[in-house]
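# Structural overview for review
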Amino acid sequence: MYPAPTAIRGSRVVTPLGMAAATVHIEGGRIAHVGELDETGPGANVIDAGELIVMPGLVDTHVHVNEPGRTDWEGFETATRAAAAGGVTTLLDMPLNSIPATTSISALQAKASAAAGRTWVDVGFIGGVVPGNAPALGGLAEAGVRAFKCFLVPSGVPEFQHVTEPDLREAMRVLATLDRPLMVHAELPEVIEAATIEATAGDPVKYATYVASRPASAEHEAVALVVELAEDTGVRVHIVHVSSVQTARMVTSARGRGVRISAETCPHYLWFDADRIPDGATEYKCAPPIRRRDDRDGLWSALSSGELQMIVSDHSPCPPILKRRDVGDFFVAWGGIASLQLGPAVVWTAMRDRGLPIERLVEWMSTAPAALAGLETSKGAIAPGYDADLVLFDPDRAFEVREDMLLHRHTVTPYLGVSLCGVVEATYVRGVRAYDRRTGPADIPPGELLLPPHPWPTDRHNSRT
Ligand SMILES: [Zn+2]
């Protein structure tokens, strides 16, 4: 284990007041206070960050770790080492793709047992909303899930069924009493089914054929439904992975009417452009799909104006074979993009080109997702009393994404070969160094699980799934 610093000083420290020269004093894993640059006590173990940007650790509320059950896709060790290398100090694990899916307390216990002592960053959990498990949601909240997630379309795995309107209404009534947000994969199956019938006449190795099968209208109609039900029930909702700028407008309009709704987008929607995706390049497949340049630019405008509140990875890898690169068929390949380690570099490279300041990256990738996870008093800011989750970031250093630098379980990602700017030099989790660019992840994993102290409550209700 590296010796924990008692202070980190630098000329570019990003606090809620903006960027300034400062010293961040650390005691017991927390930020004790933020003082002047030269203010360090005698004998202190001070890290001098020099010109590097010192920012709060990123909070990624959308990560599919897949363990237990599909650990050959991704696991807690590999995912959290990659997270630390990507400046992420807290992640929330999605309730699906693992087996069991996190739809009951016993499944959450299985997650926690798989993760305990094996995470390089702090890990919180998301509970699943599936048909029939509304009675289990209160117990999951009590057991410590920080949010809930549901799908309005088939999720891609059989053990996590999507909800229909009556299921959703029933779950929302329960969730409205629990003070936890409901994250929604918002696409409507009816729209996709109709579009797919027409699209399958086209060539399945063309990305345009896949995009045609999942039109933006599927997202818009789903969000309209979610807004209506959220308005009726008063539940706090969050739209995951927004791909279309019109969705951001709908969310903003609902917020204006007092609906408790927020929305995220992901690096791939902000970086790639459907017209430039090669035939058969299934590593780009995700749902909803990456759309055209107009949407990409519109998503940046929506972030700038505050219509979208955050950027999270939706890191969702699988074994290379399931990407079916051999046939290049977008309709049979697994949908999901691996990017956990690359988030700040992708986003920052695009931000530099647009003249956006690093403080906005902190807002979108740390402060806002921390608040969504209910961690707004401990994560997402360099301020007294907050956890000393800190990243030293070189905004000017360029690199090309290569397989040998990726710590994800699998190196399949559409970012291979892409030139990016912005390197994570070191990551600290509650004051302990989790990652250093020169030496890699720490020997001993410093992460903790964001769960209340045991004992575990027991499942009081059986769900159908
Ligand atoms: Zn996802």
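On a predicted model such as this, the values are computed, not experimentally measured, just so you know.

## Some points on the nonpolar core
- Core analysis: the largest hydrophobic core is formed by 136 residues, its most contacted members being M55, F148 and L182.
- Contacts of M55, omitting those with residues within four sequence positions, involve V14, I358, L361, V362, I382, D389, L390, V391 and F393.
- Core analysis: the next-biggest nonpolar cluster, separate from the first, contains 18 residues, V13, V24, I31 and A426 among them.

## Structural notes on the pairing of strand β16 (residues 432-436)
- Most of β16 sits inside the fold, with five of its five residues counted as buried.
- Direction of pairing for strand β15 (residues 419-429) relative to β16: antiparallel, over a ladder of four bridges. Looking at the pairing, T427 lines up with Y435 of β16.
- Between β15 and β16, which follow one another and run antiparallel, lie two residues, and R430 among them has a positive phi close to 45°.

## Overview of helix α12 (residues 358-372)
- Taking 1.5 Å per residue as the helical rise, α12 with its 15 residues ought to reach 21 Å, and the 21 Å between its terminal C-alpha atoms agrees with that figure.
- Maximum bend of α12: about 35°, positioned at W364.
- Of all 15 residues that make up α12, 11 are buried, and the element is covered over most of its length.
- Along α12, the positions that sit buried rather than exposed are I358, R360, L361, V362, W364, M365, S366, A368, P369, A370 and L372.
- Of the residues one or two after α12, G374 is the one with positive phi, at around 75°.

## Looking at the packing of aromatic side chains
- What the rule picks out here adds up to 10 aromatic pairs.
- Ring geometry for Y207 versus F330: centroids 5.3 Å apart, planes at 75°, classification edge-to-face. Residue Y207 is found in helix α6 (residues 207-213), and its partner F330 is found in the loop between β13 (310-311) and α11 (343-354); the two are separated by 123 residues along the sequence.
- Seen from the ring of W120, R81 lies directly overhead, with NZ or CZ sitting 4.9 Å from the centre.

## Let's talk about the state of the cysteines
- Applying the stated criterion to the full structure yields zero disulfides.
- You can see C318 has no disulfide; the closest cysteine sulfur is in C286, sitting 12 Å from it.
- Taking relative accessible area as the criterion, C318 reaches 4% and is therefore assigned buried.

## Some thoughts on the pairing of strand β5 (residues 53-56)
- Summarising the sheet, strand β1 (residues 7-15) and β5 pair through two bridges and their orientation is parallel. Within β5, the position partnered with R12 by the bridge is I53.
- Inspection of the sheet shows β5 paired to strand β14 (residues 390-400) by four bridges, in the antiparallel sense. For V54, the partnering residue across the bridge sits in β14 and is L392.

The rules we used
- Residues numbered from 1 in each chain as written.
- Predicted model: local features only at pLDDT ≥ 70, side-chain atom pairs only at ≥ 80, totals over all residues.
- Heavy atoms only, no water.
- Core = buried A, V, L, I, M, F, W, Y, C linked by side-chain atoms within 4.5 Å.
- Buried < 20%, exposed > 50% of the residue type's maximum accessible area, 1.4 Å probe, protein only.
- Contact = heavy atoms within 4.5 Å.
- Helix = DSSP H or I, 4+ residues; strand = E, 2+ residues; numbered from the N terminus.
- Pairing = 2+ DSSP bridges.
- Expected span 1.5 Å × (residues − 1).
- Bend = angle between axes of the 7 residues up to and from the residue.
- Phe/Tyr/Trp six-rings, centres within 6.5 Å; stacked < 30°, edge-to-face > 60°.
- Lys NZ or Arg CZ within 6 Å of the ring centre and 35° of its normal.
- Disulfide = S-S within 2.5 Å.

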